[in-house]
Amino acid sequence: MEIKIMKNVLDRNKNKANEVRNLLKEKNVLMVNMISSPGAGKTTLLEKTLENLKDKFRIGVIEGDITTDRDAQRLKGHGVPIVVINTEGGCHLDSHSISKVLPEFDLENMDVIFVENVGNLVCPSHFDLGETFKLALVSTTEGDDKPIKYPMLFREAKIILLNKIDLIEYTNFNKASFHVDLNNVNGKVPLMEISCTRNIGMDKWYNWISKQISSK
Amino acid sequence: MHELKIAEELIGIITEVAKSENLKKVTKVNIQFGKMIMIVPDVFRFVFEGGVKGTVAKSAKLNLEILPVKFACNKCKEETEIDDLLFVCPYCGSNDLDLTQGRETIIESIEGEKC
Ligand SMILES: Nc1nc2c(ncn2[C@@H]2O[C@H](COP(=O)(O)OP(=O)(O)OP(=O)(O)O)[C@@H](O)[C@H]2O)c(=O)[nH]1
Ligand SMILES: [Mg+2]
Ligand SMILES: [Zn+2]
């Protein structure tokens, strides 16, 4: 006999994500889900962003890390609340782990929570955390073919940052073909070229994210 | 390896339904995944077979259908199915599109024998 089910296999994650989203909305907190390959520069971007915006906004950070708290250590000096989620081998965060750590933040007095997801371009893009939006970070040292190879992320992201622009001349990263591919996958998403370490294009990013936080 | 997590959730649903429906054996599982989910079918089968060991679905056949990507154009309202992942409307060239299919992770049904 056949039993009809017709259900989303990821319902449990989706439902919890919606709970998180409703809570954040009620508390008026923006949540940014930061997704990139390992080493593209998520933690560096956070370091710079905290440095620049921590006096202007009340910021919190969730660090998704497979086993360590190395990234959290790097951010500690900024005096903003940081919570580490160790995924114990898992290649992505999910809404249940986010929901579990949210009580550690004083949400009444918070403007934005940045979530550094586990470094990976595939898995994190399939698990809704309840975030306000996803940010995709790519770097010039990983090749220009990422939008075509990982279309889900590039379609879902609200902003794309191309980092390590200072290194582009040492790589074979072809900006024109990156733009063509990105345009084919998602012609509407804003793209910013930055270098976190050389401070190139960062003001544009600070302005953009400030606007998102202010208009939430 | 999002295949692993998806398989875990799937097996959870199967065993729950099998229990409430009093199945002694699940023989077939019918699922549909959108192409955008980027499941590698062989990897999925492998983790599924590992996960159902010792459960009511241990000998279940996995019937996995991959759904193509479809989008609706917000400009000319046409719907298009694509097999390359080129998100540009072939009718009017617009890239203002809404995905209408391709992100599913659906369990349609299970087949089995009653106790
Ligand atoms: N040249 C250059 N190096 C950068 C830039 N941004 C980051 N890096 C370096 O890239 C390396 C990795 O940066 P992280 O910020 O740790 O990358 P991540 O994405 O957090 O890495 P995981 O957490 O392991 O996924 C570090 O050595 C950074 O100093 C940049 O704009 N230019
Ligand atoms: Mg990091
Ligand atoms: Zn059109």
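Before reading further, recall that the structure is shown in the block above.
Residues numbered from 1 in each chain as written. Chains lettered and ligands numbered in written order. Predicted model: local features only at pLDDT ≥ 70, side-chain atom pairs only at ≥ 80, totals over all residues. Heavy atoms only, no water.

For a metal with four donors in a tetrahedral arrangement, the ideal angle between donors is 109.5 degrees, while six donors in an octahedron ideally sit at 90 or 180 degrees. All names here are of chain B. Looking at the zinc ion (ligand 3), the protein donor atoms are Cys73 (SG), Cys76 (SG), Cys89 (SG) and Cys92 (SG), and they sit 2.3 Å from it. Given four donor atoms and angles of 103 to 113 degrees at the metal, the environment of the zinc ion (ligand 3) is assigned as tetrahedral. Along the chain, the residues that donate to the zinc ion (ligand 3) are spaced as C-x2-C-x12-C-x2-C. (Donors = N, O, S within 2.8 Å, 3.2 Å for Na, K, Ca; no water. Tetrahedral: all angles 85-135°; square planar, octahedral: opposite > 155°, others 65-115°.)

Attention now moves to the site of ligand 1. All names here are of chain A. Every one of the 20 residues lining ligand 1 counts as a neighbour, but Lys42, Thr43, Thr44, Arg74 and Thr197 are closest to it. One of the side-chain N or O atoms of Lys42 is found 2.7 Å from an oxygen atom in ligand 1. Ser195 places a side-chain nitrogen or oxygen 3.1 Å from an oxygen atom of ligand 1. Alone, ligand 1 offers 660 Å² of accessible surface; in the complex the protein occludes 72% of this. Only α2 (42-53) and α3 (70-75) provide two or more residues apiece to the shell around ligand 1. With three residues, the top contributor of residues to the shell around ligand 1 is α2. Classifying every residue of the shell around ligand 1 gives four nonpolar, ten polar and six charged. (Near = heavy atom within 4 Å. Polar contact = N/O pair within 3.5 Å; in protein donor to acceptor, adjacent residues only side chain to side chain. Areas by Shrake-Rupley, 256 points an atom, 1.4 Å probe, with all protein chains shown as cover. Helix = DSSP H or I, 4+ residues; strand = E, 2+ residues; numbered from the N terminus. Nonpolar A, V, L, I, M, F, W, Y, C, P; charged D, E, K, R; others polar.)

Quick look at the packing of α2(A) against helix α8 (residues 202-214) of chain A now. Residues and elements named next belong to chain A. Between α2 and α8, whose axes approach to 11 Å, the crossing angle comes to 70 degrees. Looking at the two axes, α2 sits roughly perpendicular to α8. As for the relative orientation of α2 and α8, their crossing is right-handed in sense. Residues Leu45, Lys48, Thr49, Asn52 and Leu53 of α2 lie in contact with α8, whose contacting residues are Met202, Trp205, Tyr206, Ile209 and Ser210. (Axes fitted to C-alpha atoms, helices over the stretch in contact; angles between N-to-C directions. Parallel < 35°, antiparallel > 145°, perpendicular 65-115°, else oblique. Left-handed = near helix turned anticlockwise from the far one by under 90°. Contact = heavy atoms within 4.5 Å.)

Glancing now at the interface of chain B and chain A. Taken together, the contact pairs 32 residues of chain B with 28 residues of chain A. Carbon and sulfur atoms make up 61% of the surface buried where chain B meets chain A, a total of about 3,000 Å² over both sides. On inspection of chain B and its partner chain A, the count reaches four salt bridges. As a salt-bridge pair, A:Glu156 and B:Arg103 come within 2.6 Å of each other at their nearest N and O atoms. The interface formed by chain B and chain A holds 16 residue pairs in polar contact (both at pLDDT 80 or more) in total. Listed by contribution, the elements that provide at least two residues to the side of chain B that touches chain A are α1 (2-20), β1 (23-34), β5 (97-101) and β6 (105-114) of chain B. Among the elements that line the side of chain B that touches chain A, the one with the most residues is β6(B), at nine residues. A per-class count over the side of chain B that touches chain A returns 18 nonpolar, six polar and eight charged. (Buried area = accessible area lost by both parts, 1.4 Å probe. Salt bridge = Lys/Arg side-chain N within 4 Å of Asp/Glu carboxyl O.)

What follows deals with the pairing of strand β3 (residues 59-65) of chain A. Residue and element names in this part refer to chain A. Of all the seven residues making up β3, seven are buried; the element is thus mostly covered by neighbouring parts of the structure. Where burial is concerned, the two faces of β3 agree: the one with Ile59, Val61, Glu63 and Asp65 and the one with Gly60, Ile62 and Gly64 are both buried. Bridge count between β3 and strand β5 (residues 112-116): five bridges; the pairing is parallel. Each residue of the ladder has a partner; that of Glu63, found in β5, is Glu116. (Buried < 20%, exposed > 50% of the residue type's maximum accessible area, 1.4 Å probe, protein only. Pairing = 2+ DSSP bridges.)

Residue and element names in this part refer to chain A. Summarising the metal site, the magnesium ion (ligand 2) is bound by the protein donors Thr43 (OG1), Asp71 (OD) and Glu116 (OE), whose distances to it range over 2.0 to 2.1 Å. Between consecutive donors of the magnesium ion (ligand 2), the numbers of intervening residues give the motif T-x27-D-x44-E. Taken together, the residues Thr43 in helix α2 and Glu116 in strand β5 connect sequence positions 73 residues apart. According to the relative accessible area criterion, Thr43 is buried, its value standing at 5%.

Next up on the list: the nonpolar core. Membership of the largest hydrophobic core comes to 54 residues, with the highest contact counts inside it found for B:Leu10, B:Val29, B:Ile107 and B:Ile110. Element by element, the count of residues in this core is highest for α1(B), at eight residues. Residues within four places of B:Val29 in sequence aside, it is in contact with B:Leu10, B:Ile14, B:Phe48, B:Ala60, B:Lys61, B:Leu62, B:Asn63, B:Ile107, B:Ser109 and B:Ile110. A:Leu46, A:Val61, A:Cys196 and A:Tyr206 belong to the second-largest nonpolar core, a separate cluster that totals 29 residues. (Core = buried A, V, L, I, M, F, W, Y, C linked by side-chain atoms within 4.5 Å.)

Residue and element names in this part refer to chain B. Burial of the side chains of strand β3 (residues 69-73) is restricted to one face: Val69, Phe71 and Cys73 are buried, whereas none of Lys70 and Ala72 on the reverse face is. Note: β3 against strand β4 (residues 79-82), four bridges, orientation antiparallel. Looking at β4, one finds that Phe71 is bridged to Thr80. Linking β3 back to β4 in an antiparallel pair, the connection comprises five residues, with Lys77 at a positive phi of about 70 degrees. Here β3 pairs with β5 via four bridges, running antiparallel.

Worth remembering: the numbers are spatial, not functional.
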